[in-house]
Amino acid sequence: MAAISHVHTIQRAAEILGRNEELLWELSDQLEPEEGVIWIIDTDDRQTLAFTEAGIDALRDIIADQIKGAAKTT
């Protein structure tokens, strides 16, 4: 596995995935750091989530699974 050279903030991940940031906050609870989610801590205790490419792929998979699950219940 290649070293991580960059991450995308949750705001950018929402743009990439075409979803709202609130949804990604909810879904991020299902991910572990090994799956590509990390906390970014800035000055003044500002914090946000960020995702590696693997993390964005994992979110994409979770969203697809939720859509499939919703389609089965309708």
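Refer to the preceding data block for the structure.
With that settled, consider the environment of Asn20. In this fold, Asn20 is placed in the loop between α1 (10-17) and α2 (21-28). Distance from Asn20 to Thr9, taken between C-alpha atoms, is 13 Å for residues 11 residues apart in sequence. In this structure the side chain of Asn20 is engaged in a polar contact, spanning 2.7 Å, whose partner is the backbone nitrogen of Leu23.

Our focus in this paragraph is the pattern of salt bridges. Tallying each qualifying case throughout the model produces three salt bridges. Between Glu15 and Arg12 there is a salt bridge whose closest N-O contact spans 3.1 Å. Remark: Arg12 and Glu15 occur in helix α1; sequence separation between them is three residues, near one turn of the helix. The class for Arg12 is partly exposed, based on a relative accessible area of 41%. The shortest N-O distance in the salt bridge between Asp57 and Arg60 comes to 3.0 Å. Here Asp57 and its partner Arg60 are both found in helix α3 (residues 53-73), three residues apart, which amounts to about one turn of the helix. With relative accessibility at 39%, the residue Arg60 sits in the partly exposed group.

Basis of the calculations
- Residues numbered from 1 in each chain as written.
- Predicted model: local features only at pLDDT ≥ 70, side-chain atom pairs only at ≥ 80, totals over all residues.
- Heavy atoms only, no water.
- Helix = DSSP H or I, 4+ residues; strand = E, 2+ residues; numbered from the N terminus.
- Polar contact = N/O pair within 3.5 Å; in protein donor to acceptor, adjacent residues only side chain to side chain.
- Salt bridge = Lys/Arg side-chain N within 4 Å of Asp/Glu carboxyl O.
- Buried < 20%, exposed > 50% of the residue type's maximum accessible area, 1.4 Å probe, protein only.

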